[in-house]
Amino acid sequence: MEPTRERAWETLTRYTQSEALRRHGLAVEVSVRAYARKFGEDEEFWGMTALLHDFDWEIHPTLEQHPQDGAPILREEGYPEEMIEAILSHAEHLSMPRDTQLKKTLFACDELSGFIHACGLVRPDGIETLEPKSVKKKLKQPSFASGVNRNDVYSSAEALGVELDDHIRFVTDAMRPIAPELGLKGG
Ligand SMILES: [Fe+2]
Ligand SMILES: [Fe+2]
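As the structure is a computational prediction, the values presented were derived from the model and not from experiment.

Moving on: the coordination of the iron ion (ligand 1). Summarising the metal site, the iron ion (ligand 1) is bound by the protein donors Asp54 (OD), His66 (NE2) and His90 (NE2), whose distances to it range over 2.1 to 2.3 Å. For the iron ion (ligand 1), the donor residues sit on a single chain with the sequence spacing D-x11-H-x23-H. Between the iron ion (ligand 1) and the iron ion (ligand 2) the interatomic distance amounts to 4.0 Å, and Asp54 serves as a bridging ligand to the pair. Here His66 is found in the loop between α3 (43-52) and α4 (70-76), whereas its partner His90 is found in the loop between α5 (81-89) and α6 (101-121), with 24 residues between them in sequence.

What follows is about the packing of aromatic side chains. The geometry of an aromatic ring pair comes down to the distance between the two centres and the angle between the two planes. Evaluated as defined, the whole model comprises five aromatic pairs. When the centroid spacing of 6.2 Å and the interplanar angle of 65 degrees are considered together, the rings of Phe39 and Trp46 count as edge-to-face. Residue class for Phe39 comes out partly exposed when judged on its relative accessible area of 26%. On the numbers, 5.6 Å between centres and 80 degrees between planes, the contact of Phe115 with Phe144 is edge-to-face. Taken together, the residues Phe115 in helix α6 and Phe144 in the loop between α7 (132-139) and α8 (150-160) connect sequence positions 29 residues apart. Using a relative accessible area of 0% as the deciding quantity, one classes Phe115 as buried. Clustering of aromatic rings is evident, with ring pairs tying together Tyr35, Phe39, Trp46 and Phe170. If you follow Arg98 out to its NZ or CZ, it ends over the ring of Phe107, 3.5 Å from the centre. A cation over a ring is seen here: Lys138 above Phe144, with NZ or CZ 5.1 Å from the ring centre.

Further remarks concern the coordination of the iron ion (ligand 2). Geometry sets the ideal angles at a metal, namely 109.5 degrees for four tetrahedral donors and 90 or 180 degrees for six octahedral donors. Looking at the iron ion (ligand 2), the protein donor atoms are His24 (NE2), His53 (NE2), Asp54 (OD) and Asp110 (OD), and they sit 2.1 to 2.2 Å from it. For the iron ion (ligand 2), the four donor atoms in the first shell make angles of 84 to 175 degrees at the metal, a pattern classed as irregular. Summarised as a motif, the one-chain spacing of the donors to the iron ion (ligand 2) is H-x28-H-D-x55-D.

The next thing to look at is the pattern of salt bridges. For the coordinates displayed, the defined rule picks out 16 salt bridges. One salt bridge connects Glu85 with Lys103, and the closest N-O pair in it is separated by 2.5 Å. A residue pair is termed long-range when its members are at least 10 positions apart, and Glu85 in helix α5 and Lys103 in helix α6 qualify at 18 residues. Glu85 sits in the partly exposed class, given a relative accessible area of 36%. Relative accessible area serves as the criterion here: at 3%, Lys103 is assigned to the buried category. Of the charged contacts in the structure, one is a salt bridge between Arg176 and Asp173, with a shortest N-O distance of 2.8 Å.

Each value, and the rule that gives it
- Residues numbered from 1 in each chain as written.
- Chains lettered and ligands numbered in written order.
- Predicted model: local features only at pLDDT ≥ 70, side-chain atom pairs only at ≥ 80, totals over all residues.
- Heavy atoms only, no water.
- Donors = N, O, S within 2.8 Å, 3.2 Å for Na, K, Ca; no water.
- Helix = DSSP H or I, 4+ residues; strand = E, 2+ residues; numbered from the N terminus.
- Phe/Tyr/Trp six-rings, centres within 6.5 Å; stacked < 30°, edge-to-face > 60°.
- Buried < 20%, exposed > 50% of the residue type's maximum accessible area, 1.4 Å probe, protein only.
- Lys NZ or Arg CZ within 6 Å of the ring centre and 35° of its normal.
- Tetrahedral: all angles 85-135°; square planar, octahedral: opposite > 155°, others 65-115°.
- Salt bridge = Lys/Arg side-chain N within 4 Å of Asp/Glu carboxyl O.

Put into C-alpha cells, the structure is as follows:
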C-alpha cells in the first residue's frame, strides 16, 4: 500500500477523538514537514509519520502500551516499516536509537511544538508575534506547561544539530500558517 496523507488522517481520526490530540498531530506534522523541505527529504513521508506518531495515545494512554501496542495496528493497516520504526523511536522509554534524520526530527518537534502551543494559548495574539526569547523564558519556569520535559527539548535540539533559538523560530514559523486549525490566533 502506498500511504497517503488522506489515509494517515483517516487513521488518526479513527483512533483519536480528542481535538487536542488531533491538534498535536497536526502541529508536529507541519513542523516535521518544514524540516523535510529544509533537508530536501520526502515531505509526504515525514509528514505522515509525524501525524501518526501519537495516533494510539487515546486507546493506549500509558507508557506500558504507547506507542508499542500501536505498531501492530499500523502494520496491519499497511504502513511501511520505516514509518513504524520512526514512530516507535519517539518514545524515550523504548530506548531505540534515533539513527536517522527523520527520527531525530520527529523527537525534536514533538515536545517543542506542544510547548510552543502552550505559549500561544496564554498570549492575546497566539503565536503570531511569539519570539524564541519568550519561549526560552517560559522553558525556565518549571510550573508552566509542566508536562513538557525540558530535558527532552534541549537534548533533542542538540541531537538534531540545531541551535535552540533557531529551532524554536523554525517550529513557530512552521506552525503559524495553521494557527487557527491549532486553536491559536494568528496565521
Ligand atoms: Fe507519544
Ligand atoms: Fe507527541
